[in-house]
Amino acid sequence: MVKSSTSARFGAVALIHAVLMDHQMLGDSVQREDGPLAKLVPADRARAQSLAALTLRHMPRIDAVLAEFMDHKPPLRALNALRVCAAEIVLDGIPAHGAVNAAVEIARASQKTKHLAGMVNAVGRKLGELDVSALQDMPVPQLPKALRGAIVKAFGPEGTEAIERAHLERPPVDLTLRDPSKGAEWAEKLGAELLPTGSLRLHQPGQISALDGFEEGAWWVQDAAAAMPVRLMGDISGKRVLDLCAAPGGKTMQLCAAGADVTALDLSPERMHRVMENTRRMGFRPRMEVANAMHWTPDEPFDAILLDAPCSATGTIRRHPDLPYVRPSLDLKPLLDLQQNMLQRAAGWLKPGGQMVYATCSLIPAEGERQIARALEPTDLVEAPVDAAALGLTPEWQVSTGAIRLRPDYWPERGGMDGFYMARLHKQ
């Protein structure tokens, strides 16, 4: 059974407040040196983040349960304390006593909500008496209207509902191996599932840094779908490769492990610092460029370019349930312009006969299929053939000669995957 300290629960409430009021992503709050988790020990930090994500993932259902026990919504701090309490009792199976006591303590800690401690205690006790199976019978929460409309247009009502159901599941942890040939060996060591694509999947991961192979750099955490764009590139050993928009570095490490001569470029110094930390822990030394790709120019052309373009990130909601609360609207035009400009600019950096893989962790075809259709007209790029089955993917997920579309509801029996679009292009 998962255990929570009072500090972790306080941290979870603070993280949820930052999402709902400050529109700050959980990951950003966690990493801030002055953030709500700055003073917590690592185990409490991890539990606070996990508990906040669990609460946000199921918040519409949790709020519907709480509404049965309250005449009106209390102030946000008290409400968030009850939301976290409900998530622990109803979803995590935590004994009600500890969860309720912590919620009461959180309410008492603020002048604005200390008078509500009795109400929090009463509602919390009712949660402890609840038939938890009732939550599973509630309707699946829908995505924000603007986002949902775009996904319905792309995949239809049934496909959208399947994606929304996938968003409710707590995702497993996927690992990318430094040496893919040792997949079966590491799967046995870690008690992991070896996926057809070569990634390892941990359904009960525990503390990641304590796992076999972490210290020696045998693997890194990376969603199975996010590992696929590099695999599309095939054999890149000895080739000069640009990782464009490189942070946080998972794909950079894949390229290095494959024997490429890698240049990693990203706009953000902070994010590139993470790339440097991640790659150095693994013993890799790619060239680092902190620059705006729209102003930067390489010294010489590349054999291959990986463009994991800035996008709406709508394919990652299963891992980032805070995203719909932070970005409920969908203003795609600036992103679409940037993506197309980056595609056109990067095409000019390729050697004749070189290849580019374009990828976005978006579910919206305007950021994927349509961008490639636009890019092929004014450039020397053509789609290069890929074989989904040879990559360990279902053939139906291949949407054109050189492109693959992945969705969160794929592999439901295995725990799903992030939503991605990726296309392999060849410069004539």
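Owing to the predicted nature of the structure, the values given are computational and were not obtained by experimental measurement. (Residues numbered from 1 in each chain as written. Predicted model: local features only at pLDDT ≥ 70, side-chain atom pairs only at ≥ 80, totals over all residues. Heavy atoms only, no water.)

In this model, Ala 247 is joined to Pro 248 through a cis peptide bond whose omega is 5°. Take Pro 248: it is sitting in the loop between β5 (240–244) and α12 (250–257). Phi at Cys 245 takes a positive value of approximately 65°, unusual for a residue other than glycine. In this fold, Cys 245 is placed in the loop between β5 and α12. A relative accessible area of 16% means that Cys 245 is categorised as buried. (Helix = DSSP H or I, 4+ residues; strand = E, 2+ residues; numbered from the N terminus. Buried < 20%, exposed > 50% of the residue type's maximum accessible area, 1.4 Å probe, protein only.)

Grouped together as the largest cluster of nonpolar side chains are 95 residues, with contacts concentrated most on Ile 404 and Leu 406. Sort the elements by how many residues they give to this core and helix α5 (residues 76–91) lands first, with 10 residues. Setting aside residues up to four positions removed in sequence, Leu 406 forms contacts with Ala 225, Met 228, Leu 363, Leu 393, Trp 397, Met 417, Asp 418, Gly 419, Phe 420 and Met 422. One finds Leu 265, Leu 307, Met 356 and Tyr 358 within the second-largest nonpolar core, a separate group that totals 26 residues. (Core = buried A, V, L, I, M, F, W, Y, C linked by side-chain atoms within 4.5 Å. Contact = heavy atoms within 4.5 Å.)

With that settled, consider helix α13 (residues 269–281). In a regular helix each residue adds 1.5 Å, so 13 residues correspond to 18 Å; α13 covers 18 Å between its end C-alpha atoms and thus fits that length. For α13, the set of buried residues is Met 272, Val 275 and Thr 279. When α13 is viewed along its axis, its buried side chains cluster within an angular range of 50° and face the same direction. Residues of α13 that are buried make contact with α12, β6 (261–266) and β7 (287–290). Of the residues trailing α13, Gly 283 is marked for its positive phi of about 85°. (Expected span 1.5 Å × (residues − 1). Arc of directions from axis to C-beta.)

Bringing the pattern of salt bridges into the picture now. For the structure shown, the criterion picks out 23 salt bridges. With a shortest N-O distance of 3.1 Å, Lys 351 and Asp 303 are connected by a salt bridge. Linking Lys 351 in strand β9 (residues 350–360) with Asp 303 in strand β8 (residues 302–308), this pair joins segments that are 48 residues apart in sequence. For Lys 351, a relative accessible area of 30% puts it in the partly exposed group. We classify Asp 303 as partly exposed; its relative accessible area is 23%. Among the charged side chains, a salt-bridge network with shared partners connects Asp 174, Arg 201, Asp 223, Arg 318, Arg 319 and Asp 418. (Salt bridge = Lys/Arg side-chain N within 4 Å of Asp/Glu carboxyl O.)

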